[in-house]
Structures are given as C-alpha cells and as structure tokens.
Amino acid sequence: MNNTPRLELQGMTKIYPSVIANDSIDLRIYPGEIHAVLGENGAGKSTLMKAIYGVVKPDRGRILWNGKPVVIQNPAHARKLGIGMVFQHFSLFETLTVTENIALAMDDSPRLEPLAERIRTVSADYGLPLDPERLVHSLSVGLRQRVEILRCLLQEPKLLIMDEPTSVLTPQAVRIMFDTLRRLAAEGCSILYISHKLDEIMELCHKATIIRGGKVTGYAKPAEETAASLARMMIGKELPICSGKRPVISGRKCLQVNDLSTKSADPFGTDLQAINFSVSEGEILGIAGISGNGQQELLYCLSGERLVDDKNLITIYDVPVGHLNPDQRRNLGLGFVPEERLGRGAVPGMSLTYNGILTAHRHGMVKNGLLRFRKAAEFAQQCITGFSVQCGSKDDPITSLSGGNMQKYITGREILQQPKLLIVSQPTWGVDVGAANVIRQAMIDLRNNGSAVLVVSEELDELFEICDRLIVLAQGRSSPSLQVQDTNKEEIGLWMSGMFPGGPKEKTPRTTTQEQDGYVC
Amino acid sequence: MFVRIEPRPEPSRVMKYCSPLIAAVLMLISGLIIFTLLGKDPVQAFHAFFIEPIHDLYGIGELFIKAAPLMLIGTGLAIGFRANIWNIGAEGQMALGAIFGGYIAIIFHGSSSHFILPLMILCGAIGGILWAAIPALLKTVFNANEILVSLMLNYVALLLLEFLVHGPLRDPNGYGFPQSVLFSDSAMLPILIEGTRLHLGVLISIIGVGIGWVFLEKGFTGYQLQVAGLAQKAATYAGFKYKKLIWIGMLSGGITAGIAGALEIAGPIGQLLPSVSPGYGYAAIIVAFVGRLHPGGIFLSSLLMALLYLGGESGQMNLDLPSAVTGIFQGLLLFYLLAADFLIHYRLRLNSRQRENG
C-alpha cells in the first residue's frame with residue numbers, strides 16, 4: 001500500500017431543496033481497502049455514492065483521485081477513471097442475454113463472441129461462474145447481481161462501489177460474494193461498501209465511515225468495535241430491542257391456504273405452484289425468501305387484489321374467501337400492509353387523515369354515504385400518537401412523511417382496526433432502526449393479543465427475531481414449516497435456494513446444477 | 001437541446017390554485033394582441049368584449065343563462081375526471097337530453113299540466129344517462145376507450161337530432177323549416193327576475209353544483225373516485241369497485257348534460273332546433289379543468305367561459321370580428337392553463353453542462 005489515497009473526498013456537500021443530503025463529508029480510501037459507509041436509510045449514503053459516480057453534481061467539495069483533483073462529469077467519465085458501481089436496483093434488460101446486457105453498458109461497442117469468452121473466463125476466475133448466453137429473465141436475483149458485478153469487473157476497476165449488495169442474497173451467497181470482494185481487495189482494488197448491516201461490516205470491512213443525517217459522525221475500524229458501539233454512531237442512541245413474546249398460545253386456525261396455484265399475469269412473474277400453509281391465532285408466521293420468488297403473486301391473492309378461481313383455496317376461519325374483494329375480506333378481519341407504500345398502501349396527494357379513511361372507513365367514518373371527518377381525524381390522530389409518527393399535523397400530505405414514518409402510519413392504520421389476521425409485506429424495507437423497532441413491537445403485541453400475523457420478509461434477522469414459525473417461498477413453491485427454535489439461518493438459507501423437501505431443487509443436489517456454488521436463489 | 005425539462009422536487013400548492021388566474025390573464029393579453037394585429041383599438045375591443053355584455057342587469061342575466069349549462073355539465077364531468085374517467089361526450093348527451101325532453105313537450109303540446117316541466121327534466125336526464133351508458137358499458141365489458149367512444153357518439157347524437165327536426169318532430173305548420181313547434185307555456189321554465197331572461201333552469205343548475213359539491217367533497221363515493229384517480233392501485237388495495245366507479249363517473253356527466261339539454265330547450269330556446277348548444281358540452285370540459293375539478297371553482301370558471309360567449313357575440317356585432325373569436329379565446333384559455341399546470345410540476349433548465357463538455 002502506498003500513502004496516496006485512491007479516492008479522497010473533501011467537504012462534499014449536496015443540498016436538495018428540502019434537505020441537506022450531504023454536509024461537508026470527508027472520506028479517504030486507500031488502494032486495497034474495503035471501506036464501509038455505514039448509515040441508516042436516508043442518512044445520505046446513496047447521494048454520496050452517486051456524487052462519486054458522477055450521477056449527481058455536488059454543490060461544494062473536492063474529489064481527489066489518486067491525489068489529483070477531478071470533476072467527475074458523468075458515469076462514463078467515472079468508468080474511464082476506473083470507478084465501477086453495483087447499484088441496489090439492477091438495470092438489466094430481461095429479454096436480452098447476459099453478454100448483450102454487458103455489451104450495452106460498455107462505452108465502446110465490443111464484438112459479442114470475444115466478449116462472451118471474456119465473461120466466461122473472468123467469471124470463472126473470480127469464482128462467480130455465469131453462462132453468458134442465458135437470457136436475463138431466466139436468472140435468479142443473485143445471478144442478476146452477479147451480472148452487474150461482472151459488468152464492473154470487466155472494466156478492471158480501481159474502485160468498486162457496492163450499494164446494499166446483500167439484501168438480495170441468501171446467507172450462503174453472501175459468503176461467496178465476500179470471498180470475491182476480499183480477493184479483489186488483495187489485488188489492489190479499493191471497495192466502498194454501503195450497508196446498514198452491522199455484522200457484515202464488522203466481518204468484511206477494514207475501515208468504516210459512519211454518517212448520520214448527512215454528516216460524518218465517526219470513523220472506525222469495525223474489527224475493533226462492537227455492534228452496539230457502531231449502532232450508537234449510526235443512530236445516535238443504543239440499538240433498541242423488541243420486548244419479549246408470550247409463549248405460544250395454540251389458537252384456532254385463522255388463515256388457511258390449500259394447494260394454491262396461479263399463473264402470473266406478468267410474463268416475467270412467478271407462477272405459484274401448490275402453496276400450502278396456515279396461520280393460527282396467537283402466532284407470527286414468517287415467509288422467508290428472496291423477492292421475486294412468488295411473494296408478490298401470493299400477497300395479491302391473499303389480499304384479494306387478485307381473485308382466485310376456486311374460492312376454497314383460501315379460507316379465513318373456514319370461510320372461503322378466494323372470490324372476495326379486499327373490502328369484503330377486511331370485513332372478515334383482514335388487515336394488510338403492502339410493500340409498496342406510496343401509490344398502493346397510501347394515496348399520494350392526500351393528507352394523513354384522508355389516507356386513514358382508505359381502509360378504516362368501515363369503523364364509523366361513513367354515515368349515510370357521507371364522510372364523518374371528526375371520526376377520521378380522531379383515528380388519524382390516534383395513529384400518529386400510538387405509533388409515534390413524526391409529522392407536522394394530520395392534515396399534512398402523506399408524501400411529506402419519510403419512508404419509516406409512512407410505514408409506521410400505514411401499519412398503525414391497519415393494526416388500530418384490530419385485525420384478526422394481519423398480513424405485512426417487507427415491514428421494514430427502507431425503514432430506519434427506530435421505526436423498524438416500533439413496527440416489529442406492534443406486530444408482536446398484536447400476536448400476544450391473540451391475532452394471527454403473517455410476515456413476508458427478505459431479512460432473515462428480522463424473521464428470526466419476531467416469528468414463531470417459518471416457511472420458505474422459492475420459485476413459486478412453499479416449503480414445510482419449521483419452528484424458529486428448531487432451525488437456523490443456514491438451513492433457511494439453503495431452503496431459500498429451493499432445496500427443501502418438495503422444493504424445486506430437491507432432487508438435484510448442489511453439485512449438479514449450474515448455479516452450483518450456493519449463489520443460488 | 002439547450003433546454004432541459006426536469007421535474008420540480010415539490011410542486012407549489014399555491015400555484016396550483018393560481019394557475020387558472022394566470023391562464024385567464026395570459027388569455028386576455030394574447031387576445032388584446034390579436035385585436036391589435038387585426039387593426040382594432042385594444043381598449044375599445046376589451047370594452048366591447050368584456051364590459052359591454054354585462055354592463056346592465058339584463059346582461060348579467062344573460063351571463064348566468066350561458067353559465068348555467070356550463071357549470072352543471074362541468075360539475076358532472078368533474079366527478080368522472082377526478083377518477084380519470086374521460087367523458088368527452090357531454091355535447092351528444094346534451095342533445096339526447098334535449099330530444100327526450102323536447103319529445104315530452106311536443107306530445108303534450110297544448111296541455112297546461114304542471115307535471116310537464118318536471119317530466120321533461122326527468123326524461124332529459126334519462127336521455128343523457130342512456131347516451132353516456134354506451135361508452136360506460138363498452139369500457140366495463142370490452143375495455144373500449146371511453147374518450148373515443150363518447151367523442152364519436154357526439155356526432156351520432158347531433159345527426160340524430162338533425163334527422164328528428166327535419167322529419168318526425170318537425171312542426172307541420174312550420175313552412176318546412178327544420179324546427180319543432182314552439183312549446184306551450186306549461187313546457188317553458190318561468191322567468192325569475194322581471195326585465196331579464198333569467199329562468200328557473202339557472203337556479204336548478206346552481207343547486208346541481210351544490211349537490212355535486214356535497215357528493216365530491218363530503219361523500220364517500222366522491223372520496224373513492226378521488227382515490228381511483230390519484231392512485232388506482234390504492235383503490236384496488238382498498239377494495240373499491242372500479243367498474244362501479246366507471247359507471248358513476250360516466251353517468252354523472254350524462255345526467256347533468258341531459259338535464260342541461262332539457263333546460264336549454266325549455267328555457268332560452270323554447271323549441272327543438274337542429275342545434276341546441278353552441279358547444280357547451282366541449283366548453284364544459286375546459287370549465288371543469290379551469291375550475292380545478294372543484295364545484296366552487298367550476299361555478300366561477302363557468303361565468304368566465306359564459307363571458308367569452310357573450311363577448312364573442314358582442315365582438316361580432318360591434319367590432320366586426322369573426323365568429324371564431326370565441327373558440328380562439330376558449331382555446332387560448334385551455335392552452336395557457338395546461339402550460340401553467342405543466343410548469344407547476346416541471347421546470348425548464350438551460351443546459352449548461354453541454355457547453356462545458358464542448
């Protein structure tokens with residue numbers, strides 16, 4: 001290692017009309033270093049990375065590249081300097097092959113056959129085997145991420161930026177990606193690793209820059225810190241933990257799904273194949289799995305936004321509901337928090353109060369076809385106070401809330417209606433630690449009061465923290481259920497790749513598939 | 001490209017309500033420029049166009065007579081527009097209202113019963129509803145585009161009206177003119193204020209706007225329509241029945257246009273003619289948008305639009321302007337409104353980065 005930083009940021013500042021996203025941030029990363037940028041959602045991590053990659057222009061501050069000041073004009077310029085970035089959300093064309101996708105992103109237009117050969121060599125070389133001829137829509141999310149990573153590796157980057165890369169991977173796949181990153185670093189590549197997952201950063205990263213509210217709150221060597229001390233720097237207080245669950249009360253079966261199969265309306269969606277599970281009163285059932293394995297389709301069927309041909313496939317307290325619309329199912333005691341907040345769970349352009357009416361109208365807010373605004377306002381206020389939603393007032397537009405507060409409000413709206421069955425999808429996606437805690441606690445309290453709760457999540461930590469039982473969804477099939485205390489993340493991780501009794505990969509042990517190295521999902 | 005269009009981070013809420021005013025002012029300025037280019041004295045033209053028509057009580061009565069169908073239809077259309085249901089067929093639905101209402105007046109010609117007027121209005125409403133039900137049915141069953149269907153049905157309706165007054169409903173003693181008999185007094189709306197032509201239909205229209213206000217702003221169905229317009233996925237998530245909302249959105253325009261058609265022939269016209277509306281059904285679309293799809297705003301914008309009609313007539317008589325001038329003003333108003341709304345959500349930026357790169 002020499003003493004010139006590969007990349008140095010001095011006083012980087014980016015001001016948006018409503019918020020200072022970055023406030024004079026200093027950051028230094030040396031060749032061969034894996035450097036974490038740690039912060040909660042909305043802390044300004046992504047803005048900072050986009051500034052380095054030339055996507056946004058900083059308002060103030062300097063970027064030094066190998067000791068020389070540069071102004072990065074655009075992503076092409078960044079790539080020319082040797083900066084590669086793997087985004088959290090992929091930008092791949094589903095109808096094209098891996099080679100074609102990679103060729104599209106290159107600045108000169110290469111010939112496809114030699115490129116395919118290079119992809120094969122480089123991917124094998126880094127232990128990330130990938131068939132260049134495959135069409136992207138047939139790839140799992142983990143493999144798609146591999147395409148994105150290879151796209152960067154082919155440019156032989158000096159600095160690789162990874163934005164929340166593990167959110168789409170099984171625990172096994174995370175191992176493999178870490179090995180690749182360590183090897184890259186050993187070859188002298190610098191890696192900027194953005195995440196809010198403390199354990200990953202402690203395991204992988206040499207140094208960390210912690211930001212909160214757009215400002216640097218600390219520099220650390222993760223190996224010398226504890227999760228608690230990092231969390232303190234990240235959220236400014238102790239990491240909150242949820243209070244305990246009461247022992248399982250074995251109640252009546254509430255939701256029952258029997259052999260549910262559907263064809264997805266989206267040509268690149270997932271068909272559900274013979275889904276079976278049930279949720280009882282007083283328990284939280286978790287559905288683990290990587291997004292895109294049928295979660296969307298299953299939830300549409302459960303909420304009633306999509307009707308099922310045979311009404312008996314889904315029952316609530318033995319009442320067939322497959323043919324009922326969401327409104328009718330809510331009358332039977334269903335509450336539902338979708339993963340899309342704005343535009344589905346909440347209406348942009350309406351106030352908090354009006355958004356309360358959306359599903360809570362059945363609780364005395366409508367009389368003779370007219371809205372009772374006082375009732376609605378009371379309900380909204382209850383939601384805001386009960387779930388500590390930070391907002392100006394109940395008459396503010398819902399879009400003025402941050403992601404975490406919006407999720408608290410929507411979850412609160414559903415829970416305050418005292419559902420017998422609550423279904424929550426990705427309860428803490430993009431939600432800060434404090435709000436995530438409020439939401440998880442609320443689900444546990446609801447369970448303790450005897451309701452049935454179904455949680456669909458990608459975060460295994462979260463599922464292990466709050467659930468009583470787990471099932472896994474892989475390629476549109478459901479696994480048998482496991483008591484949380486009888487399993488562990490490794491087993492669930494394997495199951496997430498489809499290797500469970502009756503699962504899509506059951507008969508083909510890991511060595512014979514082309515996604516052989518556990519980077520499967 | 002030297003100019004880039006980029007979304008504004010936070011569209012101004014104040015400007016959302018100011019944009020109709022800005023549009024009206026820009027329309028005025030453009031109008032005065034056009035007058036000047038035509039060689040008219042702009043001050044005199046302004047006076048003839050906007051002051052002259054309403055300088056006395058009679059003129060104000062005329063203003064309300066013209067505004068009445070616009071505000072009534074505008075409110076009915078706004079109910080659908082809020083849910084992104086685009087009924088462009090009010091002109092035809094109005095014609096059907098006139099045909100149905102006029103038919104009652106013609107078959108009960110000479111009778112002095114008090115039930116004729118209410119029956120005319122009821123049948124007018126039914127006529128409008130039936131005509132609006134066609135695009136609604138085609139949309140809910142076949143997913144046919146309601147804009148095209150309702151628009152094309154306008155021409156069918158107008159030809160139907162023309163056929164009827166040239167044939168079956170023609171006044172047998174009318175020397176072959178294409179018009180029906182003059183309605184009896186019992187089929188005519190009473191005048192409200194002596195010395196004007198202000199008739200009961202104006203009051204009915206204002207009441208209609210009031211009902212629309214309660215429906216949209218206080219009613220649960222109005223809320224559902226609003227949700228469906230802002231975020232259809234949220235409406236599905238909540239379990240609102242979208243097909244029902246399509247029917248409500250289409251038929252609300254049909255019923256108001258039908259009633260307006262009946263009121264027109266029972267009010268200022270007094271008989272069935274080949275044409276019963278100077279484009280009220282189209283102008284009401286502009287009225288609805290200039291009024292921000294809010295009944296209060298629609299009331300005000302209908303008065304502005306009525307003034308354009310009156311000003312156009314006055315301009316033709318006093319300034320020798322072509323009759324197209326009313327349409328030009330309507331077009332300018334809508335154009336500026338759309339531009340102002342666009343600029344609330346987007347801004348133009350000179351593309352300086354391009355030059356840096358050379």
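In this text, all values refer to a predicted model and were calculated from it rather than measured experimentally.

About the cut-offs
- Residues numbered from 1 in each chain as written.
- Chains lettered and ligands numbered in written order.
- Predicted model: local features only at pLDDT ≥ 70, side-chain atom pairs only at ≥ 80, totals over all residues.
- Helix = DSSP H or I, 4+ residues; strand = E, 2+ residues; numbered from the N terminus.
- Rg over C-alpha atoms; globule rule 2.2 N^0.38 Å.
- Buried ≥ 20, exposed ≤ 12 C-beta atoms within 10 Å, placed from the backbone.
- Contact = placed C-beta atoms within 7 Å.
- Pairing = 2+ DSSP bridges.
- Domains from an automatic or database assignment.
- Nonpolar A, V, L, I, M, F, W, Y, C, P; charged D, E, K, R; others polar.
- Axes fitted to C-alpha atoms, helices over the stretch in contact; angles between N-to-C directions.
- Parallel < 35°, antiparallel > 145°, perpendicular 65-115°, else oblique.

Student: What is the right way to read the overall build of chain A from this model?
Tutor: In terms of helices and strands, chain A carries 16 helices and 23 strands. For 521 residues, the compact-globule formula gives about 24 Å, and the C-alpha radius of gyration of chain A, at 24 Å, lands near that figure. On the principal axes, the C-alpha backbone points of chain A span a range of 70 × 55 × 40 Å. Counting every position in chain A, which comprises 521 residues, the buried fraction comes to 49%. For chain A, contacts bridging at least 24 residues in sequence account for 66% of all contacts bridging at least 6.

Student: Teacher, can you tell me more about the sheet that holds strand 12 (residues 272-280) of chain A here?
Tutor: Paired through their backbone hydrogen bonds, the strands of a sheet run either parallel or antiparallel. All names here are of chain A. Reading across the sheet, the 4 strands line up as 12-11-14-15 and stay open at both edges, with antiparallel pairing between neighbours. Every interior strand has two partners, whereas the edge strands, strand 12 and strand 15 (319-320), have only one. Where strand 11 (residues 253-262) lies against strand 14 (residues 314-316), 3 bridges are found, and the strand directions are antiparallel. Looking at strand 14, one finds that Leu255 is bridged to Ile316.

Student: Would you take a moment to explain the domain arrangement of chain B for this structure?
Tutor: A common way to express how large an interface is: the accessible area buried when the components associate. All names here are of chain B. For chain B, the assigned domains are domain 1 (26-53 + 291-351) and domain 2 (70-276). Taken together, the 9 residues of domain 1 in the interface contact 11 residues of domain 2. Split into classes, the residues belonging to the side of domain 1 that touches domain 2 amount to 6 nonpolar, 3 polar and no charged.

Student: Sorry, what's going on with the domain arrangement of chain A here?
Tutor: Residues and elements named next belong to chain A. Segmentation of chain A into domains returns domain 1 (7-235) and domain 2 (253-341 + 420-512). When each unit is reduced to the centre of its C-alpha atoms, the spacing between domain 1 and domain 2 is 31 Å. Counting from both sides, the interface comprises 12 residues of domain 1 and, opposite them, 17 residues of domain 2. Residue composition of the side of domain 1 that touches domain 2, by class: 4 nonpolar, 6 polar and 2 charged.

Student: Help me understand the sheet that holds strand 2 (residues 20-29) of chain A in this model?
Tutor: Residues and elements named next belong to chain A. The 4 strands are arranged 2-1-4-5 in an open sheet whose pairing can be described as antiparallel. Whereas interior strands pair on both sides, the edge strands pair on one side only; in this sheet they are strand 2 and strand 5 (68-70). Each adjacent strand pair in this sheet contributes to an overall mean axis angle of 25°, direction not counted. Pairing analysis gives 6 bridges linking strand 1 (residues 7-15) to strand 2, with the strands arranged antiparallel. Among the inter-strand pairings, Lys14 is bridged to a residue of strand 2, identified as Asn22.

Student: Just checking my understanding: could you explain the packing of helix 7 (residues 200-218) of chain B against helix 12 (residues 295-319) of chain B for this structure?
Tutor: Angle between the axes and distance between the axes: these two values describe a pair of packed helices. Residue and element names in this part refer to chain B. Running from amino to carboxyl end, helix 7 crosses helix 12 at an angle of 150°, the nearest separation of the two axes being 9 Å. One way to sum up the angle between helix 7 and helix 12 is to call them roughly antiparallel. Listed contacts from helix 12 to Val209, Gly212, Trp213 and Leu216 of helix 7 are Pro295, Gly296, Ile298 and Phe299. In the contact of helix 7 with helix 12, the residues fall into 6 nonpolar, 2 polar and no charged.

Student: Looking at this model, I keep getting lost on the interface of chain A and chain B. Mind explaining?
Tutor: At the junction of the two partners, chain A supplies 28 residues and chain B supplies 17 residues. Mapped by element, the contributors of at least two residues to the side of chain A that touches chain B are helix 10 (326-331), helix 11 (352-360) and strand 18 (370-371) of chain A. Tallying contributions element by element places helix 10 of chain A first for the side of chain A that touches chain B, with 4 residues. Classifying every residue of the side of chain A that touches chain B by side-chain character gives 13 nonpolar, 11 polar and 4 charged.

Student: Quick question: what am I supposed to make of the environment of Phe50 of chain B here?
Tutor: Residue and element names in this part refer to chain B. Secondary-structure assignment places Phe50 in helix 2 (residues 42-51). Residue classification places Phe50 among the partly exposed residues on the basis of 18 C-beta atoms within 10 Å. When the C-alpha positions of Phe50 and Gly315 are compared, they lie 9.4 Å apart, and in sequence the two are 265 residues distant. Look past the residues within four positions of Phe50 in its chain and what remains in contact with it is Leu307 and Gly311.

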